[in-house]
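Letter by letter, the chains look like this.
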Amino acid sequence: MADKMVRFIIERQDGPNEKPYNQEFDVPYRPALNVVASLMEIQKNPVTVDGKRVPPVVWECNCLEKVCGACMMVINGMARQACCALIDELKQPIHLQPARTFPVIRDLLIDRSVMFESLKKIQGWVEVDGSWEVKDAPIQNPYTAETAYEISHCMTCGCCLEACPNVGPQSDFIGPAPTVQAYLFNLHPLGKFDAPKRLNALMEKGGITSCGNSQNCVEVCPKSIKLTTYLAQLNRDVNKQALRNMFDK
Amino acid sequence: MAAKPENKIIVVGGGLSGLMATMKICEGGGKVDLFSYCPVKRSHSLCAQGGINACMDTKGEHDSIYEHFDDTVYGGDFLADQIAVKGMVEAAPKLIKMFDRMGVPFTRTPEGVLDLRNFGGQKNKRTCFAGSTTGQQLLYALDEQVRRLEVKGKVQKYEFWEFIKVIKNKEGAVRGIVAQNMNTNEIVAFPGEVVILATGGPGQVFGRCTASTICNGSAVTAVYKQGAHIGNPEFIQIHPTAIPGSDKNRLMSEACRGEGGRVWVYKDGKPWYFLEEMYPAYGNLVPRDVASRAIYKVCVHMGLGINGENRVYLDLSHIPADYLEHKLGGILEMYSEFVGDDPRKVPMEIFPSVHYSMGGIWVDRLHHTNIPGLMASGECDYQYHGANRLGANSLLSATYSGTVSGPEALRLARSGELGPMLTQEELDAARQECVEEFDKIRAMDGEENAHRLHQELGELMYKYVAIERDNNGLDQCLKELKGILKRWDNIGVTDHGTVANQEAMFVRQLRNMILYAMVVTKAARMRDESRGAHAKIKLDANGKQMKDADGELVFMGRDDEHFMRTTIVDYDPATEEPQVSYMEFDHSLIKPRARNYAVAKKE
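Residues numbered from 1 in each chain as written. Chains lettered and ligands numbered in written order. Predicted model: local features only at pLDDT ≥ 70, side-chain atom pairs only at ≥ 80, totals over all residues. Heavy atoms only, no water.

Trainee: Let's hear about empty space enclosed by the protein: which residues, and what values?
Mentor: Residue and element names in this part refer to chain B. Applying the stated criterion across every chain, the model contains nine cavities of 30 Å³ or more. Of the pockets and cavities examined, the largest cavity occupies roughly 730 Å³. Around the largest cavity sit 49 residues that line it, and His44, Ser45, Gly200, Gly201 and Glu379 are the ones nearest its centre. Of all the elements in the fold, those that place two or more residues in the lining of the largest cavity are α1 (16-27), β2 (31-36), β7 (161-168), α5 (218-225), β17 (348-357) and α10 (394-415). The residue makeup of the lining of the largest cavity, split by class, is 19 nonpolar, 24 polar and six charged. When residues are assigned to domains, the lining of the largest cavity turns out to be shared by domain 1 (8-237 + 356-424) and domain 2 (238-354), each giving three or more. (1 Å grid on protein atoms, 1.4 Å probe; cavity = no way out; pocket = protein on both sides within 12 Å on 5 of 7 lines; lining within 4 Å. Points joined across faces, edges and corners; volume = space filled by probe spheres on them. Helix = DSSP H or I, 4+ residues; strand = E, 2+ residues; numbered from the N terminus. Nonpolar A, V, L, I, M, F, W, Y, C, P; charged D, E, K, R; others polar. Domains from an automatic or database assignment.)

Shown next as C-alpha cells:
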C-alpha cells in the first residue's frame, strides 16, 4: 500500500558543543497529525529517508495540549508549540529546528532556564505572609481579574523571546514574557504593594528600555496575550516610577 | 531558644502536591531538594481544567462541608478512608482563600467574589474555577511562591532530573534517593532526611490517555519494587469526555456539562439525551464512572455512536457564545485548534479516556507509606477518592495532601526515629547499581522497539482493564503482560550515547510501566465485585459474559461484606508478580448505602 508520507527535515545536534546537521525522515500521513505525533512516529521507527537507522530525535514535550509550554521549537521558520502544529496546515517538507535563542542541549531540546531566572529578577510572585490562614482574600474588580487571567496564561514557552530581535547575545533584554509578568503581579491587590520593586527592577540593564517595540512578540504568542499593550503600559509605569524616584531622593 | 535545625527533605515531583509540601516544609524551617522531570511550571497539574471543589457557599444554596464530605464518600462508592476525606473537605475553603491571596485569577462574579460552577456528582455549586484552566493557574501560584523560596535559599531545584530509586539505611528507613540528570545523563545519589514522592499518576501505562507524557508511574513502581504497598490500583478513572487522538486523548472538561453541556447521540433519527433519560436526578452531571459506562454502552453495545464510530456528541451550541467564552474559553479554543470545528456552533465529538488513578502508593492519614522515611502525596498516593473520584476533587486532594505530607515530613526528620543518615559507601553503592543498570540498557541490542512495545502495552490495557472488565479477560491480560515483560529483555536501542539519551531513559521507565500494568490487572482480577470505576461482568458456566432476558450485560454487584476493604498489592522479588491482600479502613462516619444517580441522594 502506497501510504501518503510527510517529509521532515530536522536540524539535529548531538550535544551542546557539536555541529548541527540535517536529517530527513518520512512519516506516514494521517488526519489530524501534528508535529509531536510525527516525532513520536520517528521514535517508533528511527530510520532516515536514506534507510539509515539513527538515534531517535530528542525534544521536550509534556501535555500535548498547548498549555505546558514544553514543546516550543522552530517549525518552518516560526517559533511555536509543536503539539498543535497540524501537518495539514504546514507547507511540506516540514523544517524543524531548535529555538537557537536558547542554548541547544541536543537536537530540538533547548535550555530555557534563563526565563525562569528572569522571573526571579522581576519578583514574579505575591508576597504573602504564608500559606497558613491569614484572613479572607480581598474582593477584586472582575474586569481587572480578567486581564490578570489573560496574562497568567503565559506558559514560559519562549516563542516571544525567539521572535524578538532584541533578545540575544547583542543585548541583555530579558524578553517580553518575563517583563509582562511584572504587570500581572502589579495588578493584584496584594501584589501591587511591591510594584515599585518590580518597576525598579525593570529599569535596570535588560529591563524594559531594551524593548525595541518591534511587535514580533505579540504575533507569535501562542496564548494571544496582548504583550505589546502591556509592555507599553509597563513602560509608562516604569517612567512614572523613575520620576517618583527622583522626587523621593 | 536555639534555632531549629534546617532539616533537608527531598521532594520528588513539582506538581501541586510537591510544591505545596515544599512550601510547608520551608515555612516550618526546613529546606527542600526538589526533583522534577521538567521545570516544575510544566508539571501535569496544569492540565486540570474545570476547577477545585470547596464549600464556599456563596450561591445561596446552603451548601455545607458535610454535603461535600458525603458527596465525595458516596461518589467514591464508600471505599475512601472517611476520616481522611473529612480532613480534606474541611480544609478546602481555607486553601481557596490561600490561592486567592497568592494571586490565582479565579473567575469572579460581578460583585468581585469567586464564582462557583456545577460539577458531576454534586447538586450544589461548589467548584471554584479560573476559566477552564484552573490547574494551570493554581500550579503557577505555587510555582511562584516556591521560586520566592528558591531566591531565599530554602529550595534547591533539580529540574530535568529523573528519580530512579530510594536508598535505605541499615534500619530500613529511607534517607536518600538516586536520580539522573536527563540532559547530561549523570547519575547521582542524594542524601535527604525524609523523602516525599509527589510524582503523579500512571496514565501512560494505558498509552493514549489524557495525561502528559511524563505521567508514567515509573517512580511509584520503583518504590513498589523496594517494598512500598500499592493501594486500590484497580480503580482507574475513565473520563467520559475526551477528544480521541492518535497521540493523546485530549480532555474536554466536565465543566462543559457543569455549564449546561448536554451529551447525546441520534436514536431513531432524533437526538437522544441518554444521560438525562437514564439518570433523571443528575442528568449530564452524573459522576465520571457512571457517564463513561453509559457512553460505552450506547456506542459499543447499542451501536449508536456517531457514524457507527465510538463517539458521542457533547453539545454546547445552545449556550450563548459570550457566556461560553467567559467560562470555558481556553478549552473551546483547544478543541477548535486540534479538531478544526467550532464548539460554539457545532456539537463536539467525544469518547471516554483513561484519565486518573484513584489508587497509588498506600499511605496512612499523615501520608507515610509503609516504608519508614518514605512519604507520598498527590495523585501518586491512593488516598481520598475511594473507587471513583469526583471531578474537581483532584486539585483539592493534590494541594491538601501537600499540606499534610510537608509538615509531617519535617516532624519526622526532627524526631530522630529514622536512624542514621547514609554513609558515603551506601550512597556510592546505590549510585553504582543505577549506573550499571543504565549502561546495560544503553547497550541493549535486541529486536524490539521500546516505543512500539509501549503502544502494545496501552492497547492491551484498554482492551481488558478499562471500562468493562471480566475475569477471563483479566487472566488473559496478565498472561500477555508477562509476555510483554519478557519481550522487554529483547529491546534494542539505537541511541548508545550519554547526552540526553531519552531512549534509554524511556526503556527504563517502560519496564516499570509494564510492572504497574500487572499491579492494576491483578488487583482488578482479585476484586470480584463492581464498585465505582471497577465494573466487572459476570461470566456463565461456559466462561461467556452473562446477559439477562433483555440482552443486557449482567454486572457483579457491590459486595461490602467481602470487598469493602483496601486492596494492597506487594511486589514479589522472586517472581516479579504482584501479591494481593486486603486491609480494613475507616468508614465509621457515613454508613454505606446503595449508589444510585437516577434519584436524588438520600443521606
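Trainee: How would you explain the domain arrangement of chain B if you had to name every residue and give the values?
Mentor: Residue and element names in this part refer to chain B. Each assigned domain of chain B is listed with its residue range as follows: domain 1 (8-237 + 356-424), domain 2 (238-354) and domain 3 (427-574). Each partner contributes to the interface: domain 1 provides 54 residues, whereas domain 3 provides 49 residues. Taken over both partners, the interface formed by domain 1 and domain 3 buries close to 4300 Å², and the fraction arising from carbon and sulfur atoms is 59%. Area buried by domain 1 at its contact with domain 3 is led by Phe206, Tyr224 and Glu234, which between them contribute 16% of it. Summed over the shared surface of domain 1 and domain 3, the number is four salt bridges. Taken together, the connections running from domain 1 to domain 3 amount to 26 residue pairs in polar contact (both at pLDDT 80 or more). Elements supplying a minimum of two residues to the side of domain 1 that touches domain 3: β7, β8 (174-181), β9 (187-191), α5 and β11 (230-231). The residue makeup of the side of domain 1 that touches domain 3, split by class, is 29 nonpolar, 19 polar and six charged. (Contact = heavy atoms within 4.5 Å. Buried area = accessible area lost by both parts, 1.4 Å probe. Salt bridge = Lys/Arg side-chain N within 4 Å of Asp/Glu carboxyl O. Polar contact = N/O pair within 3.5 Å; in protein donor to acceptor, adjacent residues only side chain to side chain.)

Trainee: I'd like a description of the sheet that holds strand β1 (residues 5-12) of chain A, backed by residues and values.
Mentor: Residues and elements named next belong to chain A. If you walk across this open sheet you meet the five strands as β2-β1-β5-β3-β4, and the pairing is mixed. Of all the strands in the sheet, the pair left with one neighbour each is β2 (21-28) and β4 (78-81). Each neighbouring strand pair of the sheet contributes to a mean axis angle of 35°, computed without reference to strand direction. One ladder, built from two bridges, connects strand β3 (residues 72-75) with strand β5 (residues 94-97); its direction is antiparallel. Across the sheet, Val74 pairs through a bridge with Gln97, a residue of β5. (Pairing = 2+ DSSP bridges. Axes fitted to C-alpha atoms, helices over the stretch in contact; angles between N-to-C directions.)

Trainee: Tell me what's going on with the sheet that holds strand β15 (residues 270-272) of chain B, and back it up with residues and numbers.
Mentor: Whenever strands of a sheet pair, they do so through backbone hydrogen bonds, lying parallel or antiparallel. Residues and elements named next belong to chain B. Across the sheet, which stays open at both edges, the six strands sit in the order β13-β12-β17-β16-β14-β15 with antiparallel pairing between neighbours. At either end of the open sheet lies a strand with only one pairing partner, and these are β13 (250-251) and β15. Pairing of strand β14 (residues 262-267) with β15 involves three bridges; the strand directions are antiparallel. For Tyr266, the partnering residue across the bridge sits in β15 and is Pro271.

Trainee: Give me the layout of surface pockets: which residues, what numbers.
Mentor: All names here are of chain B. Approximately 870 Å³ is the volume found for the second largest pocket. Lining the second largest pocket are 28 residues, with Tyr279, Arg293, Lys297, Leu553 and Phe555 sitting closest to its centre. Of all the elements, helix α8 (residues 288-301) adds the most residues to the lining of the second largest pocket, at five residues. The residue inventory of the lining of the second largest pocket, partitioned by class, reads eleven nonpolar, seven polar and ten charged. The residue makeup of the lining of the second largest pocket includes at least three contributed by each of domain 2 (238-354) and domain 3 (427-574).

Trainee: Report on the interface of chain A and chain B, specifying residues and quantitative values.
Mentor: Each partner contributes residues to the interface: chain A has 71 residues there, and chain B has 67 residues. Of all residues in chain A, Lys44(A), Glu65(A) and Ser131(A) give up the largest surface area on contact with chain B, accounting jointly for 12% of the area buried on that side. Between chain A and chain B we count eight salt bridges in total. Glu333(B) is the salt-bridge partner of Lys66(A), the closest N and O atoms lying 3.3 Å from each other.

Trainee: So what's going on with unusual backbone geometry? Residues and values would help.
Mentor: All names here are of chain A. With an omega of -5°, the peptide bond between Gln92 and Pro93 qualifies as cis. Relative to the elements of secondary structure, Pro93 occurs in the loop between β4 and β5. Even without a glycine there, the phi angle at Lys66 is positive, about 60°. Within the element layout of this structure, Lys66 appears in the loop between α1 (35-44) and β3. Positioned with a positive phi, Asn213 is a non-glycine residue whose angle comes to about 55°. Looking at the element boundaries, Asn213 is found in the loop between α6 (195-203) and α7 (216-220).

Trainee: Go over the domain arrangement of chain A with me, naming the residues and quoting the values.
Mentor: In many reports, interface size means the accessible area that the parts give up when they come together. Residues and elements named next belong to chain A. Entries for chain A in the domain assignment read domain 1 (5-110) and domain 2 (113-248). Each partner contributes to the interface: domain 1 provides 14 residues, whereas domain 2 provides twelve residues. Summed over both partners, the interface of domain 1 with domain 2 comes to about 1000 Å²; 63% of that surface belongs to carbon and sulfur atoms. Three residues, Lys66, Thr101 and Phe102, lead the burial of domain 1 against domain 2; their summed loss comes to 45% of the area buried on that side. In this structure, the connection of domain 1 to domain 2 is made through four residue pairs in polar contact (both at pLDDT 80 or more). Those elements giving two or more residues to the side of domain 1 that touches domain 2 turn out to be β3 and β4. The element best represented in the side of domain 1 that touches domain 2 is β4, accounting for four residues. When the residues that make up the side of domain 1 that touches domain 2 are grouped by side-chain class, the tally is eight nonpolar, three polar and three charged.

Trainee: Help me get a handle on the environment of Lys192(A), residues and values and all.
Mentor: Residue and element names in this part refer to chain A. Mapped onto the elements of the fold, Lys192 is located in the loop between α5 (176-187) and α6. Each C-alpha atom of the pair Lys192 and Arg80 lies 32 Å from the other, and the pair is 112 residues apart in sequence. With residues near it in sequence (within four places) discarded, Lys192 still touches Phe185, Asn186 and Leu187.

Trainee: Which residues make up the pairing of strand β20 (residues 566-571) of chain B, and what values do they have?
Mentor: Residues and elements named next belong to chain B. Burial analysis of β20 places five of its six residues in the buried class, the great majority of the element. Where β11 and β20 come together, two bridges link them in antiparallel fashion. Counted as the bridge partner of Gly231 is Ile568 from β20. As paired elements, β20 and strand β21 (residues 578-583) share six bridges and run antiparallel to each other. Counterpart to Ile568 in the pairing with β21 is Ser581. (Buried < 20%, exposed > 50% of the residue type's maximum accessible area, 1.4 Å probe, protein only.)

Trainee: Break down the pairing of β3(A) for me, citing the residues and quoting the values.
Mentor: Residues and elements named next belong to chain A. Side-chain alternation along β3 places Met72 and Val74 on one buried face and Met73 and Ile75 on a second face that is also buried. Strand direction decides the pairing type here: β3 and β4, joined by four bridges, are antiparallel. In the strand pairing of β4, Met73 is matched with Arg80. Taking the residues between adjacent antiparallel strands as the criterion, β3 and β4 are bridged by two residues, where Asn76 takes a positive phi near 50°.

Trainee: Describe the nonpolar core, and please don't skip the residues or the numbers.
Mentor: Counting 104 residues, the largest nonpolar core has Ile9(B), Ile52(B), Phe99(B), Phe106(B) and Leu142(B) as its most contacted members. Those residues in contact with Phe106(B) that lie beyond four places of it in its chain are Ala145(A), Ile52(B), Ile96(B), Phe99(B), Asp100(B), Leu114(B), Cys128(B), Phe129(B), Ala130(B) and Leu138(B). One finds Ile164(B), Leu427(B), Val435(B) and Tyr516(B) within the second-largest nonpolar core, a separate group that totals 89 residues. (Core = buried A, V, L, I, M, F, W, Y, C linked by side-chain atoms within 4.5 Å.)

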